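Each chain is listed here by its residues.
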There are 4 protein chains.
Amino acid sequence: MIRLNCDYCKGALPEVLEALQTINDQAFCGYGCDEVCERAARLIRERAGVPSADVHFLVGGTQANFIVIESALRPWQSVICADSGHINVHETGAVEHAGHKCETAPAHDGKISADQVRAIAANWAGSIIPEHITQPKMVYLSMATETGSVYTLAELAAIRAVCDEFSLYLFIDGARLSYGLEAIGGDVSLEDIAGLADVFYCGGTKCGALFGEAVVIVNDELKPHFRANMKQNGAMLAKGWLLGAQFEALFTDDLYFKVARRANEYAARVKDACAKAGIPLFAQTTTNQVFINFTDAQYAQISEQFELEFEERTDEEHVAIRVCTSWATREEEIVALEEAIAAL
Amino acid sequence: MIRLNCDYCKGALPEVLEALQTINDQAFCGYGCDEVCERAARLIRERAGVPSADVHFLVGGTQANFIVIESALRPWQSVICADSGHINVHETGAVEHAGHKCETAPAHDGKISADQVRAIAANWAGSIIPEHITQPKMVYLSMATETGSVYTLAELAAIRAVCDEFSLYLFIDGARLSYGLEAIGGDVSLEDIAGLADVFYCGGTKCGALFGEAVVIVNDELKPHFRANMKQNGAMLAKGWLLGAQFEALFTDDLYFKVARRANEYAARVKDACAKAGIPLFAQTTTNQVFINFTDAQYAQISEQFELEFEERTDEEHVAIRVCTSWATREEEIVALEEAIAAL
Amino acid sequence: MIRLNCDYCKGALPEVLEALQTINDQAFCGYGCDEVCERAARLIRERAGVPSADVHFLVGGTQANFIVIESALRPWQSVICADSGHINVHETGAVEHAGHKCETAPAHDGKISADQVRAIAANWAGSIIPEHITQPKMVYLSMATETGSVYTLAELAAIRAVCDEFSLYLFIDGARLSYGLEAIGGDVSLEDIAGLADVFYCGGTKCGALFGEAVVIVNDELKPHFRANMKQNGAMLAKGWLLGAQFEALFTDDLYFKVARRANEYAARVKDACAKAGIPLFAQTTTNQVFINFTDAQYAQISEQFELEFEERTDEEHVAIRVCTSWATREEEIVALEEAIAAL
Amino acid sequence: MIRLNCDYCKGALPEVLEALQTINDQAFCGYGCDEVCERAARLIRERAGVPSADVHFLVGGTQANFIVIESALRPWQSVICADSGHINVHETGAVEHAGHKCETAPAHDGKISADQVRAIAANWAGSIIPEHITQPKMVYLSMATETGSVYTLAELAAIRAVCDEFSLYLFIDGARLSYGLEAIGGDVSLEDIAGLADVFYCGGTKCGALFGEAVVIVNDELKPHFRANMKQNGAMLAKGWLLGAQFEALFTDDLYFKVARRANEYAARVKDACAKAGIPLFAQTTTNQVFINFTDAQYAQISEQFELEFEERTDEEHVAIRVCTSWATREEEIVALEEAIAAL
């Protein structure tokens with residue numbers, strides 16, 4: 001059985017695991033105040049072109065999301081996001097638990113637009129009773145999105161302009177950032193992300209690490225006391241160097257990006273295989289997620305050999321199925337899937 | 001420079017790291033729903049003698065503490081603890097952030113007594129305006145305590161009796177549980193802990209794992225929806241098997257306890273060395289922490305070779321210093337420290 | 001200038017004010033533990049036919065809403081409501097501030113349906129990863145709704161059935177309960193509300209009192225410690241009898257209902273006046289709110305004499321305007337408005 | 001039976017009630033945006049000598065306390081207070097419910113000192129791991145205190161100096177402000193309070209109003225969005241003018257202060273009566289609260305005619321009893337109490 005159902009079902013890249021092995025017997029300062037974290041942070045700052053950014057290493061995506069949002073917002077402020085945004089649908093209300101409303105707009109292809117953001121921000125800004133409404137103060141978007149799509153540079157710049165107009169923070173969830181930046185045909189670089197966002201993170205968990213997300217705070221307003229917020233929410237790893245070492249490995253020789261590029265190319269091959277076989281896609285994506293509209297029979301047949309992720313029933317005879325490649329996907333797995341699709 | 005300042009300054013036991021290496025290329029279900037976690041949970045349940053307990057693997061101690069407390073308490077309820085309790089002094093107010101008051105009692109030797117618990121519980125129970133006061137509903141204590149002491153079985157049983165009298169939950173913070181249970185002269189077993197507590201955890205971070213705490217929920221009332229609480233607080237590791245594998249290694253062949261026993265014996269040797277050298281201790285401990293009352297000159301001299309932890313100035317010429325052994329301490333390090341103390 | 005813009009722009013019914021005057025020099029127990037509150041509670045229980053219900057007097061609607069919701073839900077649980085629900089749009093995120101997500105469904109005529117509730121509840125109940133989603137545990141609806149409509153008994157019964165099916169609490173916001181129950185053509189009684197809801201409140205602020213909402217808890221599960229929740233949220237009035245006295249006056253001789261009936265009849269006369277004048281309504285209502293689709297010119301003309309509430313621009317030449325009658329509306333005001341509309 | 005057990009057991013001063021009566025039929029803007037509130041705010045600003053302060057009218061003291069604290073602090077910040085402070089002991093953990101720790105110091109005569117504040121602030125400021133501790137950011141004190149004592153101007157100035165040294169906000173709970181400022185022998189004026197505090201409130205509930213506290217925000221940093229905080233916590237009274245009218249009455253012709261002075265003088269007479277009768281006091285106070293150390297027999301005898309408040313048993317034969325005068329106390333009640341004490 002070949003698992004291509006998600007991008008967090010295997011351990012880590014060999015380079016990552018080796019980094020942990022190498023330093024296992026060394027003693028370090030606790031809580032992220034060690035030289036390994038400092039080296040990793042420097043690599044990320046340099047690669048992103050933001051030499052004065054703060055970099056913090058957290059364990060997971062939900063944790064990074066709600067802590068960034070909580071640390072940026074005051075109690076009466078809310079965060080604008082797509083209704084399909086991860087924070088709105090798959091984090092057990094972590095943002096609300098932290099006291100903040102998600103002001104949602106209907107996603108198109110997994111994305112929200114500058115116009116949608118403006119409408120929500122303008123509603124508050126133009127209200128005669130603004131204190132009766134939560135104040136939108138942050139925009140949250142994912143790159144790549146939860147459905148495998150990516151924002152273009154123009155789309156992000158337009159959202160940034162609205163953020164400037166209404167004094168909103170822009171927060172980019174980068175749980176799948178490497179896949180997003182290496183999207184086939186994409187035009188957004190890490191430098192672009194760092195130049196446009198007030199805060200973002202480079203996901204590790206889905207991108208080659210055992211675990212870990214590197215939060216990059218670009219806006220000075222958001223820097224103070226972030227570590228206190230982390231600690232208060234149980235998000236300051238005692239042995240912080242475990243995170244630093246993983247990101248040092250990922251950001252050495254662009255490993256982080258190379259493995260994502262490969263995963264995206266594998267995904268493209270799966271799409272090609274579907275096209276050749278006349279099997280329609282459920283969504284158009286350019287990253288590591290492929291959404292295929294199988295017939296029930298096709299799904300049953302392919303499931304004998306592959307574990308894929310069921311998304312939803314699309315009609316009485318069809319189901320939307322996700323194939324998810326990753327840094328861990330091997331070429332023989334893709335070859336096998338290509339052959340299986342051809343044989344449907 | 002030999003670091004004996006804390007018990008979380010090195011990676012993990014070789015068996016733990018090897019376990020992660022071994023399964024690195026295997027694909028698993030996410031979020032702790034995998035066979036490795038199930039095996040580890042079974043080992044812990046068996047060792048603790050609570051076959052029907054729920055076991056959840058969290059990443060760190062602060063996280064485990066506030067999530068257990070939040071999941072057990074309703075908004076108007078509080079937790080009783082020693083004023084020196086970790087939740088009260090070193091977690092950036094995580095419990096209050098989760099909405100709950102810590103009702104503190106002055107610690108004696110790092111511990112609270114059944115009588116202190118009763119006094120706080122009775123104050124609420126006997127109040128004519130109980131709704132103006134938070135309702136104490138849980139007792140939090142640490143085994144071993146933050147200052148290296150341990151509760152006796154009689155002390156724990158007395159606290160349990162008060163908990164039964166006032167319908168309080170007993171929560172035992174086991175960040176250093178293995179050291180506590182293997183305390184020199186101690187009389188408490190893991191079965192005792194599991195038999196007395198409503199919920200407790202077996203700490204991994206300080207006891208041989210890279211990271212991780214195994215929360216064991218014994219009381220059925222506290223079991224439902226605990227995973228939702230975890231997820232909501234960003235405490236559900238995507239690759240849960242990383243935690244399961246570490247605890248499986250620790251609870252195989254009693255490794256968890258053996259390395260703690262060794263660390264405690266090393267600590268005892270340090271105490272003996274001090275006694276022989278006529279250097280007084282700052283606190284009497286039977287676990288892996290030794291608190292020494294050095295003169296400034298002694299501390300300066302020992303610091304040339306050892307990194308120890310400064311606790312506080314005890315008078316104009318003396319300082320309280322912590323030596324902390326751990327699963328990672330090697331005999332040659334203890335020999336070196338014995339010699340250095342003898343030479344003071 | 002005649003104000004008919006809202007139903008909370010004047011003090012209180014003379015009977016209410018007189019009740020406060022009468023007891024002004026008497027000394028009472030604090031915090032609602034007085035005989036006046038007890039008498040008022042008894043009147044409400046009797047009128048609603050729920051002799052064992054708990055009755056608590058709170059100061060305002062937002063306060064009542066979030067405290068009822070917070071006291072009923074656990075951290076991972078959410079409340080289902082119409083997207084136009086007051087808690088979702090006009091309470092500055094009070095529910096999210098209390099840690100809970102509003103799971104919204106698009107309102108039709110200000111209402112949600114049993115089918116919409118079922119869809120949301122079933123989504124969680126049928127999920128294979130329920131712990132990643134907030135658990136819907138309560139349905140919130142308003143009677144009358146924010147847009148002046150009312151639920152029929154059949155609609156409420158259908159929602160109740162879904163609540164039973166999925167173990168949801170039904171919470172009815174009664175900020176305008178008297179208007180809702182006295183709706184022209186309505187078929188719902190206070191006994192029906194009390195028989196269907198787990199918890200609801202009889203609004204005072206908009207229905208004849210100076211301030212105050214009487215929360216009625218029917219379901220035993222929701223009763224314990226409600227006063228502690230109130231106190232913790234600053235919602236326990238020190239001089240509780242001020243609330244009790246007002247509700248005693250309102251529930252004596254059915255005053256609460258009579259004045260609402262009159263207000264609804266006045267509203268009906270305004271609708272009739274529009275119909276005669278050929279001026280369309282923006283929404284169909286049977287309670288004390290009338291939504292009129294004026295031309296800009298009409299609105300300008302009517303505004304010379306009346307203060308009404310602007311709702312929204314409906315097209316380039318029309319605006320939706322709310323006329324709101326209340327317990328304080330006098331017949332001469334309605335006569336004046338009828339004449340003014342006829343003169344448009 | 002004469003009730004002298006507390007200062008919130010009767011309605012309001014006649015002037016207050018008359019003010020409400022007078023405007024009962026007038027229509028106003030909602031939510032405190034009316035001319036009555038504006039007039040009352042102006043009176044308070046003028047009397048306090050802070051023409052640019054923001055004034056907000058809230059309903060009660062617990063509500064005022066936690067909302068002021070929540071609006072001023074960020075999640076990782078705490079408030080310093082006496083262990084006997086109202087927020088620490090009688091508000092059901094409202095401050096912790098809002099997410100903040102109370103950093104307590106032992107009260108002396110109900111008060112904390114500048115040195116105690118400095119010690120707590122310095123502990124954080126000098127910590128090498130400040131992110132593991134909550135950051136003290138506000139000092140909370142009550143004037144008069146919960147035990148009837150008052151701060152001197154020198155004491156307040158010393159605390160202010162520490163606040164300046166450590167960038168702490170000073171928040172003065174004025175639930176009994178009028179009694180505190182009119183303390184027999186006191187040297188603190190309303191102008192002093194407004195000059196020293198960043199935010200404080202003039203209590204109405206215990207000082208002649210039916211209900212209501214006037215929060216005065218002096219520090220510009222604390223002004224923005226306070227109304228949003230109020231609304232979010234259900235503390236924005238729909239009919240805000242009810243509060244404005246009461247405070248307008250209280251701050252007309254110094255009524256607020258005159259009635260407090262009279263109450264304090266009545267309390268002094270009670271103390272004198274005890275002195276003459278040789279009955280010791282339990283605490284020395286100069287405001288409207290008198291704490292008497294009765295024998296059980298004395299307490300039984302006095303209780304036949306007076307309802308006083310039991311505080312605690314002081315030894316096997318004595319109890320501490322509170323006599324509380326107020327704006328509502330009549331001279332004949334004091335005469336009766338004087339006679340009763342003399343007859344013990």
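Structure first, text after, so check above.
Residues numbered from 1 in each chain as written. Chains lettered and ligands numbered in written order. Predicted model: local features only at pLDDT ≥ 70, side-chain atom pairs only at ≥ 80, totals over all residues. Heavy atoms only, no water.

K.L.:
Would you mind showing me how to read the sheet that holds strand S10 (residues 289-295) of chain D here?
P.N.:
Hydrogen bonds between backbone groups are what pair the strands of a sheet, and the pairing can be parallel or antiparallel. Residues and elements named next belong to chain D. Spatially, the four strands line up as an open sheet ordered S9-S10-S13-S12, and their pairing is antiparallel. A single partner strand is all that each edge strand has here, and the edge strands are strand S9 (281-283) and strand S12 (309-313). For this sheet, the mean inter-axis angle between neighbouring strands, taken without regard to orientation, is 35 degrees. Pairing geometry for S10 and strand S13 (residues 318-324), over seven bridges, is antiparallel. Bridging across to S13, Gln-289 finds its partner in Cys-324. (Pairing = 2+ DSSP bridges. Helix = DSSP H or I, 4+ residues; strand = E, 2+ residues; numbered from the N terminus. Axes fitted to C-alpha atoms, helices over the stretch in contact; angles between N-to-C directions.)

K.L.:
Would you explain the relation of the copies chain C and chain A in this entry?
P.N.:
Here the two chain copies are tied together by a rotation about an axis and a shift along that axis. For the match of chain C to chain A, the screw axis carries a shift of 0.0 Å, the RMSD comes to 0.0 Å, and the turn is 180 degrees. Such a combination of rotation and displacement between the chain copies is what one expects of a two-fold axis. The share of interface residues of chain C whose copies in chain A are also at the interface is 100%, consistent with both copies meeting through the same surface. (Least-squares fit on C-alpha atoms with pLDDT ≥ 70 in both. Contact = heavy atoms within 4.5 Å.)

K.L.:
I tried to follow the interface of chain C and chain A on my own but got confused; where do I start?
P.N.:
The accessible area lost on association of the parts is a frequent measure of interface size. Contact with chain C, which involves 19 residues of that partner, is made by 19 residues of chain A. Carbon and sulfur atoms make up 53% of the area that chain C and chain A hide from each other, which totals about 1400 Å². Linking chain C to chain A there are two salt bridges. For the salt bridge of Glu-96 of chain C with Lys-101 of chain A, the shortest nitrogen-to-oxygen distance reads 2.5 Å. Our enumeration of links across chain C and chain A arrives at ten residue pairs in polar contact (both at pLDDT 80 or more). Breaking the side of chain C that touches chain A down by element, the ones donating at least two residues are helix H4 (86-89) and helix H5 (94-97) of chain C. (Buried area = accessible area lost by both parts, 1.4 Å probe. Salt bridge = Lys/Arg side-chain N within 4 Å of Asp/Glu carboxyl O. Polar contact = N/O pair within 3.5 Å; in protein donor to acceptor, adjacent residues only side chain to side chain.)

K.L.:
Can you walk me through the packing of helix H1 (residues 14-22) of chain A against helix H11 (residues 241-250) of chain A in this structure?
P.N.:
Each packed pair of helices is defined by two parameters, the angle between the axes and the distance between the axes. Residue and element names in this part refer to chain A. The contact between H1 and H11 brings their axes to 8 Å, and the two run at 140 degrees. One element, H1, and the other, H11, form an angle in the oblique class. Crossing of H1 against H11: the hand is right-handed. Taken together, the residues of H11 that come into contact with H1 (itself represented by Glu-15, Val-16, Ala-19 and Leu-20) are Leu-242, Ala-245, Gln-246, Ala-249 and Leu-250. Of the residues belonging to the contact of H1 with H11, the class tally is seven nonpolar, one polar and one charged. (Parallel < 35°, antiparallel > 145°, perpendicular 65-115°, else oblique. Left-handed = near helix turned anticlockwise from the far one by under 90°. Nonpolar A, V, L, I, M, F, W, Y, C, P; charged D, E, K, R; others polar.)

K.L.:
Explain empty space enclosed by the protein to me, please; I cannot follow it from the model alone.
P.N.:
To find the voids left in a structure, one rolls a probe of water-molecule size over its atoms. Per the counting criterion, the structure on display carries 15 cavities of 30 Å³ or more. The space that makes up the largest cavity amounts to roughly 810 Å³. Forming the boundary of the largest cavity are 43 residues, of which His-97 and Ala-98 of chain A, His-97 of chain B, His-97 of chain C together with His-97 of chain D lie nearest the centre. Breaking the lining of the largest cavity down by element, the ones donating at least two residues are helix H3 (61-72) of chain A, helix H3 (61-72) and helix H5 (94-97) of chain B, helix H3 (61-72) and H5 of chain C together with helix H3 (61-72) of chain D. When its residues are assigned to classes, the lining of the largest cavity shows 18 nonpolar, 17 polar and eight charged. (1 Å grid on protein atoms, 1.4 Å probe; cavity = no way out; pocket = protein on both sides within 12 Å on 5 of 7 lines; lining within 4 Å. Points joined across faces, edges and corners; volume = space filled by probe spheres on them.)

K.L.:
Can you help me understand the pairing of strand S5 (residues 135-142) of chain A in this one?
P.N.:
The side chains of a regular strand alternate between both faces of the sheet. Residues and elements named next belong to chain A. Of all eight residues in S5, eight are buried, a share of seventy percent or more. In terms of strand pairing, strand S3 (residues 77-82) meets S5 through four bridges, oriented parallel. Bridge assignment links Ser-78 to a residue of S5, and that residue is Pro-136. Here S5 pairs with strand S6 (residues 169-173) via five bridges, running parallel. Across the sheet, Met-138 pairs through a bridge with Tyr-169, a residue of S6. Of the crossover connections in this fold, the one passing from S5 over helix H7 (residues 153-166) to the parallel S6 is right-handed. (Buried < 20%, exposed > 50% of the residue type's maximum accessible area, 1.4 Å probe, protein only. Right-handed = clockwise from strand over helix to strand, strands pointing away.)

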